[in-house]
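Understanding the architecture of this molecule
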Amino acid sequence: MFRPLLTALTVAIFASHSYAESLDDLRAELAKQKAQIAAQQSQLEALATAVENQKATASNSATTVGFYGEVHYNSFKEPDPAIGKNNVHAHRAVILLSHAFNDNLRFYSEIEFEGAADETEIETELEQLFIDWRVHPKLALNIGQFLLPVGLINESHEPNVFYGVERNPVEEKIIPATWWEKGVMVRAVPAEGLAVDVAVHNGLRGDINTLGGADGLREFRQEFGGSRAEDLAYTLRVKYQVINGLELAASFQQQENITQSHDLVVGGKASAQLMTAHVDYHWQGFGLRVLGAQWDIDNAVAKATGADKLAGFYVEPSWKVTDKVGVFARYNQWNTAANQVGKSDDEQLNVGVNYWIDPRVVLKADIQNTNQKNKAGDGFNLGVGLSF
């Protein structure tokens, strides 16, 4: 009687022990799997963080910040009415901000802080604010506020890329650079080495009665902010760069009405045409820049004062003696009222040297001679400029 009971008890004990071992094994297996899941979760989180960091890095690399600036010292034999005999000033500091949304769409901007030689206040300007939309490998649209495609320095005027402390007076007073407007510009490359730019933008705005002064049409630029666009303007430039080191370009601009008004108080309607042409040649160390520009204004008041024609040109040979040292001479001639009886052309000769501490950092010095009365514009200029 006891044997069957003992046998049953033994079987129950062994069964209970086997069950306990199986439960322990199951618990151990569950703990192991839980640890694996936690490790995998940790790996996934680390991967997600790495991906986010890569995205942030890619986004940051698509956004770029640049800068250029220059400080000048001007010394004249005779005191200048506006800036005296000796003057040192931080001429400009410009911040460039751009972003690439993708390979075909970019944003560009330039914010300038400019200190004129005859003022202690800083003028703030927004030179550029536009998108560059590449709709085809050979065709792009610029939409917003952009630099106009005229002359040599209007689109490229960082201090380390041109000779002389001051920008040349022909492009400043006749074109007048630096010049930006708001609108749409089509940039096309129809053939190798050939570029064509066509822009529709707001026009100039000013008082015809003020023409003929030293600044020409410079104060007619509407610059930043709101611009009257009662009458538009159109710019065409053709640039040829097939021969290595040689650039040939010509621009034509039509202004419907540079007063933006028919009011006789400001001279009434005045259409105007600007034509520019230049040669920019570099061969080994030798360089040569030649530029001419002319305005023709169709307006009775301007014709009566001889200010219906503004014209000028300059010739600038240069020689890069070494990678760091370059010398140049530039002869400038211009007239802001070329049809005015008895008004002679302004002339200015600059001879000087550039010393590039680094390709983007330059020291400059030049001697200046003019045909002003009593040699008022004669003297010398010193400057430092940089860009990055």
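Everything below is about the structure printed above this text.
These notes cover the structure that comes with them. Small disclaimer: the values here were computed from a predicted structure and weren't measured. (Residues numbered from 1 in each chain as written. Predicted model: local features only at pLDDT ≥ 70, side-chain atom pairs only at ≥ 80, totals over all residues. Heavy atoms only, no water.)

**Quick word on the packing of aromatic side chains**
For the coordinates displayed, the defined rule picks out 7 aromatic pairs. Ring-pair connections join several aromatic residues into one group, and the members of that group are Tyr-163, Phe-328 and Trp-356. Lying over the aromatic face of Trp-356, Lys-320 brings its terminal NZ or CZ to 4.5 Å of the ring centre. (Phe/Tyr/Trp six-rings, centres within 6.5 Å; stacked < 30°, edge-to-face > 60°. Lys NZ or Arg CZ within 6 Å of the ring centre and 35° of its normal.)

**Things to note about the side chain of Asp-197**
With respect to the helices and strands, the residue Asp-197 is situated in strand 7 (residues 194–202). Looking at Asp-197, the relative accessible area reads 4%, which means it is buried. A polar contact is formed between the side chain of Asp-197 and the side chain of Arg-187, at a distance of 3.1 Å. Reaching out from Asp-197, the side chain makes a polar contact with the side chain of Arg-237 at a distance of 2.7 Å. (Helix = DSSP H or I, 4+ residues; strand = E, 2+ residues; numbered from the N terminus. Buried < 20%, exposed > 50% of the residue type's maximum accessible area, 1.4 Å probe, protein only. Polar contact = N/O pair within 3.5 Å; in protein donor to acceptor, adjacent residues only side chain to side chain.)

**As for the pairing of strand 3 (residues 105–114)**
As paired elements, strand 2 (residues 84–102) and strand 3 share 10 bridges and run antiparallel to each other. When the sheet's bridge partners are listed, Asn-102 is paired in strand 3 with Leu-105. Adjacent in sequence and paired antiparallel, strand 2 and strand 3 are bridged by 2 residues. In this sheet, strand 4 (residues 123–136) lies alongside strand 3 in antiparallel orientation, the contact comprising 10 bridges. Within the sheet, the bridge partner assigned to Tyr-108 lies in strand 4 and is Phe-130. (Pairing = 2+ DSSP bridges.)

**Topic: the environment of Gly-287**
Looking at the element boundaries, Gly-287 is found in strand 11 (residues 286–298). Distance from Gly-287 to Trp-319, taken between C-alpha atoms, is 6.1 Å for residues 32 residues apart in sequence.

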